[in-house]
Amino acid sequence: MKSWWKRNLHEELSVGRVTTAILLVAALLTGTSWGFYRDAALANAQRQATATLRLTVRALDGYMERYRILTALLAADQEVGSQTRPGVPAGSVATLQAKIEASAALTGAARIVVLRQDGELLAATGLPLPDPGQAPWLAPALGRGVKSTLEVDPQTGAREMTIAARVEGTEDVVVAVSQHLDEIEAEWRRSPDVVILADPAGQILLTTRRDWMSLSVMPSPDGLVRYREVTGATARLELADPTGGQWVEARQGMPREDWTLRVWVDTGPFLSSARRSTILIGLSFLLVGLVAALIWQRRVRMTERIRLTEDARTELERRVTDRTAELAAVASRLETEVEERRGTEIKLRQTQADLIQSGKLAALGQLSAALSHEINQPLAAVRNFAENAG
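Report follows, based on the coordinates. Residue numbers restart at each chain and count upward from 1, following the sequence in its written direction. Totals for whole chains, interfaces and linings use every residue, but because this is a predicted model, local features are given only for residues with pLDDT of at least 70 and side-chain atom pairs only at 80 or more, for both listing and counting. Working from all heavy atoms in the structure, the side-chain values ignore hydrogens and water.

The next subject is the overall build of the protein chain. Note on conventions: DSSP H or I runs of at least 4 residues are helices, E runs of at least 2 residues are strands, and numbering of each starts at the N terminus. Counting secondary structure elements, the protein chain contains six helices and 13 strands. The contact definition used throughout considers only heavy atoms, calling two residues in contact when any of these lie within 4.5 Å. Across the protein chain, the fraction of contacts at a sequence separation of at least 24, relative to all contacts at a separation of at least 6, is 52%.

Quick look at the structure:
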């Protein structure tokens, strides 16, 4: 009984140790799987950010290219150049006005203006008309090439893109094409990602987050980023250390405009998916481990039962052997006793025969004596009679 209890206790301790080991291994594999799935989730988020960035850059650049081409065509148009020289008759100005109105109607531009450096407005279409003294694109456009700027519409507050260039053949005449970016903003907001267009100083020019329009984004390395809105003398977005971030950033410069387009992808959904996958993997590891533990426990118990059966069989064989030996010894003793009894019986029979023979001889002797006595008496009487007669 005590041995059986010890064996059961040892078996329970072994099962407990195996279960603990399985749980530790499952936890280790789950932790390793979390690291793998987390890296894969961040890589997927980075790929999404990069893909979104490429599409956004192509869409924005393609949208702007239409108005760059329009501005360059108007600036290089000889008819526009000839009609903007000093001393041009009023009829020529009317022709210029009709030309830019037709161009605006054809391309969908919100506003096209032609003005001199001193602020003289030569032709314009679309409202509101810009204040030449506050037009940030006027001075840069007097140089070479096509210049692009983004500014806020003073009446609607909407972001407005203006592409300006100096009219060829003149020194102080600029043609500027403006277009609201509502279509671009609406397209950006269909994506759950954060898109930011910023100038070299970090000032946000266009973004999917309207509440960030007055902020500046501080430079940060590529990778995970966190942001916090900082108020004070300069409102800005401060990007924290990437190691604790919640976002993946992809960015690309737009050399023509000297802008930087950033795309931030929230890693939350990707990490949530990674956590779910890790939990499933952990549960799978745990289930496999528990099944293995159950199989091992059944094997241990079966082995124990086989061992107990073998021990019982060995014990039974030992007892049978011992009993057989005892019975063989008893049989040998009985055989010896039988032989002894047979010898004694033979001796007894011989003795009985001798006694019978002795009895016979004694009876014969007695008979002989009786006969002799019976014979001797008459003979003696005859002899006595003879002697007396003689």
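Next comes the rest of the write-up.
On to a nonpolar patch on the surface, then. A contiguous nonpolar surface patch, about 590 Å² in accessible area, is contributed by L361, L364, L367, L371, I375 and L379. Structurally, the position occupied by L364 is in helix α6 (residues 268-389). Excluding any residue in a salt bridge, patches collect residues exceeding 30% relative accessible area, merging like charges within 9 Å and nonpolar Val, Leu, Ile, Met, Phe, Trp and Tyr side chains within 5 Å. Computed by Shrake-Rupley with a 1.4 Å probe, the accessible areas treat only the displayed protein chains as cover when residues are assessed. Within this document, salt bridges are pairs made up of a side-chain nitrogen of Lys or Arg and a carboxyl oxygen of Asp or Glu, the two lying within 4 Å of each other.

This part is about the pairing of strand β12 (residues 247-254). Relative to strand β13 (residues 259-266), β12 runs antiparallel, the two sharing eight bridges. Following the sheet pairing, A250 is matched in β13 by V263. Counted between consecutive antiparallel strands, the loop separating β12 from β13 contains four residues, among which D258 sits at a positive phi close to 60°. Note on pairing: two strands pair once DSSP finds at least 2 bridges between them.

To continue, consider the packing of aromatic side chains. Two aromatic rings from Phe, Tyr or Trp, using only the six-membered ring of Trp, form a pair when their centres are within 6.5 Å; if the ring planes differ by under 30 degrees the pair is stacked, by over 60 it is edge-to-face, and anything between is tilted. If you walk through the whole model with that rule in mind, you get two aromatic pairs. Ring centres of F36 and Y37 lie 5.4 Å apart, and the angle between their planes is 70°; on these two criteria the pair is classed as edge-to-face. With a relative accessible area of 56%, F36 lands in the exposed category. Relative accessibility thresholds used throughout: buried, under 20% of the residue-type maximum; exposed, over 50%; partly exposed, between the two (1.4 Å probe, protein chains only). Given a relative accessible area of 26%, Y37 falls into the partly exposed group. Ring geometry for Y63 against Y67: centres 5.6 Å apart, planes inclined by 65°, an arrangement best described as edge-to-face. On the criterion of helical spacing, the pair formed by Y63 and Y67 is a turn pair, its members being four residues apart in helix α1 (residues 2-76).

Looking now at the environment of T260. Its place among the elements puts T260 in strand β13. Assessed through its relative accessible area of 25%, T260 is described here as partly exposed. Along the chain, T260 and P200 lie 60 residues apart, while their C-alpha atoms are 7.2 Å from each other. Apart from the residues within four sequence positions on either side, T260 is in contact with I196, L197, A198, R251, Q252 and G253.

The next point concerns helix α5 (residues 182-189). Restricting attention to buried positions, one finds in α5 the residues I184, E185 and W188. The buried side chains of α5 occupy one side of the element, clustering within an arc of 100° when seen end-on. In this context, the arc is that of the directions from the helix axis out to the C-beta atoms.

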